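Letter by letter, the chains look like this.
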Amino acid sequence: MTQEKKRKAAARAVQEATGLRYTAALRLEAASRPTDRPSFPLGTLLAECATKPAAEVDWGEDIFTDYVPDLFESDIVGGAIPFTSVLALAGALSAYGPKDELRVEYLDPLDEAVVASRRRRFLIRMLTGGIEELCRKPGCHERPTLERIIDYCEYHVARCDTQALVSMAIDLGTDDRVDVDDALERRGGSRKRTC
Ligand SMILES: [Zn+2]
């Protein structure tokens, strides 16, 4: 079996086990393969971002390069990464400080990377220079049910142990009521359905 066929078979197995769409299962399978890069503090990535020059990047013929972000070659990430993604990451993780330990969970050069800290995980999109928060479960490519409060996707929150569920319930209860209502309203839900 070729490497590609093995990957597709593994993705189908993930799809059957999780009920995810095939593309999501393919990504989850890819992300579950461990990378061998060591972890690093957020501050080290920020130092690279502040000192590295913009890299010459060949996006291929199909990309209109006027709208792509500037990237730099990151030694610690192991590939080119947008300056704006690192700055957005620093903003999202600012509460944890520059010593917060990160690791690259997944890297598809010039496409996507998943960078994770102990508690939070982010998808970096190379083409747009943005970041997206992901479910806290390593390897998962889905979004959290409710960012910063219920930090697992619907699939994984249903599989949390009692202690984790109680902890999330306390977070939900103690969070500012107005913020929770706003977040739920954006998702089209209601407090009654969630609690
Ligand atoms: Zn998940």
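Residues numbered from 1 in each chain as written. Predicted model: local features only at pLDDT ≥ 70, side-chain atom pairs only at ≥ 80, totals over all residues. Heavy atoms only, no water.

> Any details on the coordination of the zinc ion? Residues and values, ideally.
Cys-135 (SG), Cys-140 (SG), Cys-153 (SG) and His-156 (ND1) make up the full set of protein donors to the zinc ion, lying at 2.1 to 2.4 Å. Coordination geometry of the zinc ion: the four donor atoms subtend angles of 103 to 112° at the metal centre, consistent with an arrangement described as tetrahedral. Positions of the donor residues of the zinc ion along the chain correspond to the pattern C-x4-C-x12-C-x2-H. One end of the pair, Cys-140, is in the loop between strand E7 (130–134) and helix H5 (154–157); the other, His-156, is in helix H5, with 16 residues separating them in the sequence. Each member of the pair Cys-140 and His-156 is classed as buried. (Donors = N, O, S within 2.8 Å, 3.2 Å for Na, K, Ca; no water. Tetrahedral: all angles 85-135°; square planar, octahedral: opposite > 155°, others 65-115°. Helix = DSSP H or I, 4+ residues; strand = E, 2+ residues; numbered from the N terminus. Buried < 20%, exposed > 50% of the residue type's maximum accessible area, 1.4 Å probe, protein only.)

> Tell me what's going on with the sheet that holds strand E4 (residues 101–108), and back it up with residues and numbers.
Taking strand neighbours across the sheet as the criterion, the five strands line up as E1-E4-E5-E6-E7 in an open arrangement whose pairing is antiparallel. The open sheet has two edge strands, strand E1 (40–41) and E7, and neither has a second partner. Two elements, E4 and strand E5 (residues 112–116), share five bridges in a ladder whose sense is antiparallel. Each bridged residue has a counterpart across the sheet, and for Val-104 the counterpart in E5 is Val-115. (Pairing = 2+ DSSP bridges.)

> I'd love a proper account of the environment of Cys-49, names of residues and values included.
With respect to the helices and strands, the residue Cys-49 is situated in helix H3 (residues 42–51). Spatially, the C-alpha atoms of Cys-49 and Phe-72 are 7.3 Å apart, while their sequence positions differ by 23 residues. Leaving out residues up to four positions away in the same chain, Cys-49 has contacts with Phe-72, Phe-83, Val-86 and Leu-87. (Contact = heavy atoms within 4.5 Å.)

> Outline the side chain of Arg-121, supporting the account with residue identities and numerical values.
Among the structural elements, Arg-121 can be located in strand E6 (residues 121–125). The class for Arg-121 is buried, based on a relative accessible area of 2%. A distance of 2.5 Å separates polar atoms of two side chains, one belonging to Arg-121 and the other to Glu-105. Polar contacts involving the side chain of Arg-121 include one to the main-chain carbonyl oxygen of Lys-137, which spans 3.2 Å. (Polar contact = N/O pair within 3.5 Å; in protein donor to acceptor, adjacent residues only side chain to side chain.)

> Pulling in residues and values, what's your account of the pattern of salt bridges?
Using the criterion set out here, one finds eleven salt bridges in the structure. Across the pair Arg-119 and Asp-151 runs a salt bridge whose closest N-O atoms are separated by 3.3 Å. With a gap of 32 residues between them, Arg-119 in the loop between E5 and E6 and Asp-151 in the loop between E7 and H5 connect regions that are remote in the sequence. Arg-119 gets classed as partly exposed once you look at its relative accessible area, which sits at 29%. For Asp-151, a relative accessible area of 5% translates into the label buried. Two residues, Arg-125 and Glu-132, come together in a salt bridge whose shortest N-O distance is 3.1 Å. Under the relative-accessibility criterion, Arg-125 is labelled partly exposed at 29%. Note on Glu-132: relative accessible area 22%, which makes it partly exposed. Among the charged side chains, a network of salt bridges with common partners joins Glu-112, Arg-125, Glu-132, Arg-143 and Glu-147. (Salt bridge = Lys/Arg side-chain N within 4 Å of Asp/Glu carboxyl O.)

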